[in-house]
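Here are the chains, one letter per residue:
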Amino acid sequence: MKTNKVWVAPSVLSADFGKMGEEVARMESCGADVIHCDVMDGLFVPNITFGFKMIADLKKHTSLPLDVHLMIDRPERYVQRFIDAGADWLTVHCEATNELIPTLEKIKAAGIKCGAVISPDTPTQALAQCFPLCDVVLLMSVYPGFGGQKFIEKSLQRMQELHAMRQACQSSALLEIDGGVNEQNAQAIVAAGADVLVAGNTLFSAADPREIIRRLHSL
Ligand code: DX5
Ligand code: ZN
């Protein structure tokens, strides 16, 4: 799945939850590649968003893949519900489970893209074992929980480490980055190896998200 294209993934965490369907359709019409959906349980992270019903309902408003980022404790309890709801990509935090590999295998067996997510303070080596299984590896560049935070600079170095790990295991996983991505830092992030840029605040607060997506695509 290696690609040179930059994928742009608006994060609906920054959307108006009262009109989520329209917001997702708007981002699709502006040229987004995938819709990033942040699921939070108030336990793994200190915030609560939405669950599988939102995923099932959003499917009716877009033909883009739904990239479901699970920030929930012991995600193995719920992955089947998100698969059934129509997640196209399903990512789980390595810090949230003692069953990372079986959980990734279960997602993969369902025929959708599986991925591991790593928080800012977890050494990238924590992903060494599961890397070959992943279709996508998601690096958090802020502490998970909230949109609109500042990009953590050491994430550039960490993205380079993941890029080297990908080469070492001859994987073609997409490298995704999430948190604090903006027009100023996107070029350096792509240069460090990212394929998929999640952007919440940057796109949803923009007067012209189409133009921002166009510029991100041209990196
Ligand atoms: C944070 C979420 C992110 C968030 C990114 O826990 O995983 O997806 O929406 O928002 P920005 O792009 O505003 O940092
Ligand atoms: Zn996210």
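Participant: What should I look at first to understand the pairing of strand β3 (residues 66-71) in this one?
Facilitator: On any regular strand, side chains alternate: one points to one face of the sheet, the next to the other face. For β3, the tally of buried residues reaches six of six residues, placing the bulk of the element in the interior. On β3, burial covers both faces: Leu66, Val68 and Leu70 on one face and Asp67, His69 and Met71 on the other are all buried. Pairing analysis gives six bridges linking strand β2 (residues 35-40) to β3, with the strands arranged parallel. Bridging from a neighbouring strand, cysteine 37 pairs with valine 68 of β3. What joins β2 to β3 is helix α2 (residues 52-58), and the crossover it makes is right-handed. In the sheet, β3 pairs with strand β4 (residues 89-93) via four bridges, with the strands oriented parallel. Of the residues in β4, the one forming a bridge with aspartate 67 is tryptophan 89. With respect to chirality, the unit in which β3 leads through helix α3 (residues 79-85) into the neighbouring parallel β4 is right-handed.

Participant: Can you walk me through helix α1 (residues 20-29) in this structure?
Facilitator: Since one α-helical turn is 3.6 residues long, residues separated by three or four positions face the same way. Those residues of α1 lying buried are Met20, Gly21, Glu23, Val24 and Met27. Viewed end-on, α1 has its buried residues packed into an arc of 165°, placing them on one side of the element. Looking one or two places after α1, you find glycine 31, whose phi comes out positive at around 105°.

Definitions and limits used
Residues numbered from 1 in each chain as written. Chains lettered and ligands numbered in written order. Predicted model: local features only at pLDDT ≥ 70, side-chain atom pairs only at ≥ 80, totals over all residues. Heavy atoms only, no water. Buried < 20%, exposed > 50% of the residue type's maximum accessible area, 1.4 Å probe, protein only. Helix = DSSP H or I, 4+ residues; strand = E, 2+ residues; numbered from the N terminus. Pairing = 2+ DSSP bridges. Right-handed = clockwise from strand over helix to strand, strands pointing away. Arc of directions from axis to C-beta.

Geometric descriptors of this kind do not, in isolation, establish any biological role.
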